[in-house]
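The residues making up each chain are set out below.
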Amino acid sequence: MAKEKSDNTEIEILNAAKEIFQQKGMDGARMQEIADKAKINKALLHYYYRSKQLLFEAVFKSAFALLAPQLNKVLNDDSDLFDKIRKFTDSYISFVIKHPYLPNFVIQELNKNPEFIQKLRLQENFPSITTFKLQVSDAIEKKIIIQIQAEQLFINIMSLNVFPFIAEPLLTALINVDKKKYNEIIQNRKIDVANFIINAIKI
């Protein structure tokens, strides 16, 4: 019973922290605010997580633990290269729409703590592009796509998917749209990004 209560408290903390981090970001969030949201006192929050940084990492790892298996499955399934690009883009964008704090957190965290990604790499189901690289090589050999390094193609896919989330304030200003319209654009990118990449590489 005690362990179940402890597990429930931690889940409440992570859910509260995720909501506050989404609203205010890492720097704007306050531990007291998270404790209030989780309906616990600040001392108990610090019992579970000694610092805001550790709590932020826990929230990130919790979300990443949901995303990583999805991406890994897509990257390593038996679908052809073009279907893989479509599924990867759809999975990534759908996930980040639900967890919009993740891309900025990764950038911020890597700038402050480059070793953090090494911790992530040790996690089970950390995405691997080994199968993806073999498929790219095979598609080039069969003259289905142009000559391109698999690593370059993967970076292109990631860049086109990640950047609109990181640069949302700038992009909404540049293209002069409100939040609702921008969200519609992001939804459309699930298809548009995949089509753009496929049309750029296919022969």
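The following refers to the structure shown. (Residues numbered from 1 in each chain as written. Predicted model: local features only at pLDDT ≥ 70, side-chain atom pairs only at ≥ 80, totals over all residues. Heavy atoms only, no water.)

**Quick notes on the overall build of the protein**
Spelled out, the test is: Strands are runs of DSSP state E lasting at least 2 residues, helices are runs of H or I lasting at least 4, and numbering of each runs from the N terminus. Categorising residues by exposure relies on relative accessible area from a 1.4 Å probe, with only protein chains included: less than 20% of the type maximum marks a residue as buried, more than 50% marks it as exposed, and the intermediate range marks it as partly exposed. Should any heavy atoms of two residues lie within 4.5 Å, those residues are considered in contact. The charged-residue count follows a simple rule in which Lys and Arg add positive charge and Asp and Glu add negative charge, with His and chain termini not counted at all. Charged groups are reduced to one reference atom each: NZ for lysine, CZ for arginine, CG for aspartic acid, CD for glutamic acid.
Of the regular secondary structure elements, the protein holds 11 helices and zero strands. On the principal axes, the C-alpha backbone points of the protein span a range of 60 × 40 × 30 Å. In the protein, which comprises 203 residues, the share counted as buried stands at 39%. A sequence separation of at least 24 residues applies to 68% of the contacts in the protein between residues at least 6 apart. Averaged over its 28 positive side-chain charges, the protein has a centre that lies 2 Å from the centre of its 24 negative ones.

**With respect to the pattern of salt bridges**
Note the cut-off: When a carboxyl oxygen of Asp or Glu lies within 4 Å of a side-chain nitrogen of Lys or Arg, that pair is called a salt bridge.
Counted under the stated rule, the structure contains nine salt bridges. Note that Lys24 and Glu33 form a salt bridge whose closest N and O atoms lie 2.6 Å from each other. One salt bridge in this structure joins Arg86 and Asp83, with 3.3 Å as the shortest N-O distance. Here Asp83 and Arg86 lie together in helix 5 (residues 81–98), a separation of three residues that amounts to about one turn. Taking relative accessible area as the criterion, Arg86 reaches 36% and is therefore assigned partly exposed. With relative accessibility at 34%, the residue Asp83 sits in the partly exposed group.

**Considering unusual backbone geometry**
One non-glycine residue with positive phi stands out, namely Lys39, at about 60°. Looking at the element boundaries, Lys39 is found in the loop between helix 2 (31–38) and helix 3 (42–48). With relative accessibility at 74%, the residue Lys39 sits in the exposed group. We note that Asn176 has phi near 55°; this positive angle belongs to a residue other than glycine. Within the element layout of this structure, Asn176 appears in the loop between helix 10 (168–174) and helix 11 (179–201).

**Describing the side chain of Lys190**
The test is simple: Within 3.5 Å is the distance limit for a polar contact, defined as a pair of N or O atoms, with the added protein rule that one can donate a hydrogen and the other accept it, and that residues adjacent in sequence qualify only through two side-chain atoms.
Among the structural elements, Lys190 can be located in helix 11. With no salt bridge to any partner, buried Lys190 finds its closest opposite charge in Asp90, at an N-O distance of 4.6 Å. Engagement of the side chain of Lys190 in a polar contact is seen with the side chain of Ser94, the distance being 3.0 Å. Once you skip the residues sitting within four places of it in the chain, Lys190 turns out to touch Thr89, Asp90, Ile93, Ser94 and Ile97.

**Notes on the packing of helix 5 against helix 11**
Threshold: Orientation is described by axes fitted as lines to C-alpha atoms, over the contacting stretch for helices, and by angles from 0 to 180 degrees between their N-to-C directions. Working definition: roughly parallel below 35 degrees, roughly antiparallel above 145 degrees, roughly perpendicular at 65 to 115 degrees, and oblique for all remaining angles. Less than a right angle of anticlockwise turn of the near helix away from the far helix marks a crossing as left-handed, whereas a clockwise turn marks it as right-handed. All amino acids are sorted into three groups, where Ala, Val, Leu, Ile, Met, Phe, Trp, Tyr, Cys and Pro are nonpolar, Asp, Glu, Lys and Arg are charged, and the leftover types, Gly among them, are polar.
Contact geometry of helix 5 with helix 11 gives a least axis separation of 9 Å together with a crossing angle of 155°. Here helix 11 runs roughly antiparallel to helix 5, going by the angle between their axes. Both helix 5 and helix 11 take part in a crossing whose hand is right-handed. Here Phe82, Ile85, Arg86, Thr89, Asp90, Ile93, Ser94 and Ile97 of helix 5 lie close against helix 11, whose contacting residues are Ile186, Gln187, Arg189, Lys190, Val193, Ala194, Asn195, Ile197, Ile198 and Ile201. Tallied by class, residues from the contact of helix 5 with helix 11 come to 10 nonpolar, four polar and four charged.

**Some remarks on the side chain of Lys84**
Inspection of the secondary structure puts Lys84 in helix 5. Ignoring anything within four residues of it in the chain, the contact list for Lys84 reads Val74, Leu75, Asn76, Asp77, Ser79, Thr131, Phe132 and Gln135.

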